[in-house]
Each structure stands twice: as C-alpha cells, then as structure tokens.
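One letter stands for each residue in the lines below.
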Amino acid sequence: MELLTLAALQHLPSSVVFVADLTEECGTSVADQWAIRRELRARFPAKPWLDVLSKSDLLQDVWQLAEQQQQQPHPNSSSSSGAGVLGGAAAAAADVQDAVQFAAALPGAVRVSSVTEQGLVQLQEGLVQMLQSDAATTEAAAGAALVQEHSSTASLLQ
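Residues numbered from 1 in each chain as written. Predicted model: local features only at pLDDT ≥ 70, side-chain atom pairs only at ≥ 80, totals over all residues. Heavy atoms only, no water.

**Considerations on the pattern of salt bridges**
Part 1 of the reasoning: Within this structure, the stated rule accounts for six salt bridges.
Part 2 of the reasoning: The partner of Lys55 in a salt bridge is Glu25, and the shortest N-O contact between them spans 3.3 Å. Linking Lys55 in the loop between β2 (49–53) and α3 (60–71) with Glu25 in the loop between β1 (16–20) and α2 (30–43), this pair joins segments that are 30 residues apart in sequence.
Part 3 of the reasoning: Arg37 is paired through a salt bridge with Asp51; the nearest N and O atoms lie 2.8 Å apart. (Salt bridge = Lys/Arg side-chain N within 4 Å of Asp/Glu carboxyl O. Helix = DSSP H or I, 4+ residues; strand = E, 2+ residues; numbered from the N terminus.)

**Digging into the packing of aromatic side chains**
Part 1 of the reasoning: Under the definition given, this model contains two aromatic pairs.
Part 2 of the reasoning: Considering the side-chain rings of Phe18 and Trp49, the 6.4 Å spacing of their centres and the 15° angle between planes classify their relative orientation as stacked. Taken together, the residues span a long stretch of sequence, with Phe18 in strand β1 and Trp49 in strand β2 at a distance of 31 residues. Assigned by exposure class, Phe18 and Trp49 land together as buried.
Part 3 of the reasoning: Between Trp34 and Phe102, the aromatic rings sit 4.9 Å apart at their centres with planes inclined by 85°, giving edge-to-face as the arrangement. With Trp34 in helix α2 and Phe102 in helix α5 (residues 99–105), this residue pair connects regions lying 68 residues apart in the sequence.
Part 4 of the reasoning: Classification of Trp34 as buried rests on a relative accessible area of 1%. (Phe/Tyr/Trp six-rings, centres within 6.5 Å; stacked < 30°, edge-to-face > 60°. Buried < 20%, exposed > 50% of the residue type's maximum accessible area, 1.4 Å probe, protein only.)

In structure tokens form, the structure reads like this:
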C-alpha cells in the first residue's frame, strides 16, 4: 500500500470509504481487495468507515447468492441470530475468495451503480453521516485539548 496514504490516514482526522469492485474489472482480484480491506480495517479500527460495493447493476446474481448465504447458519457459530456466514469478527478474520463471499461478509455495505444510479442516495447519506460523526469527534477532541491547555497555563501562573 502507498505509504503516503497510510500516513495521512494515521495522522489526519479522516474517514475511510472503501470501494470494492466485485466484477474485478478494476484489475484487482476479489481476494486481493478483501486482503487490502482487512489490512486497512486492522490498522484503523477507530476511523469512521463506509464499505461501498460498486457496479451493482452487474452483480444481481451475486446479491441473491450472498443473501442466501447470509441466511445459512455458520457451522462454527454458536449464535442463532442469522447474522450471516461471515458476520462480525468472523468476517474480519475470514479469507474471502469470491464476490459472493465478499458481499455476504458485508451485508451493510452500500451497493452502488453509476449506470442505474442505484444506491447513490444511500451513499450520499452514509458519507454525510460519517463526516458529521468525524467532525463531532474532532471538535470534541479539540475542545478537550483546549481545556487541558488552559488548565496547564493556569497552573503555571499560580
């Protein structure tokens, strides 16, 4: 991964929008896209995060199979919540090899198509919500730093 990108994510107030192309027309395999996502997610667990699956108009069969897979109980899961085959912590640890597994692992991902405009409103809403949350966190941190600075200055003056 590009070091400048990683440094910016590490040190600047930022959010992550991870866009995956499950058609693999981007030139990166689904397995490699999952590995990149998993690495970024592990490096930045506290960052606001939005998963986006692009080209949804080309993946109708994938969505159907992923939804079927999510309904099946996972053999290693003691939960009967029907959260999906690769839900939660299992999704973070699992190796995803194909588009169906990827989609099943991220049931909350925004599915978008620039051709049909499917999901664009949800994407916009998700971005606004994420940025508002990030701004509130940054504002709170700045306020806490200002209080701490004022407190330090006051103790020096005494």
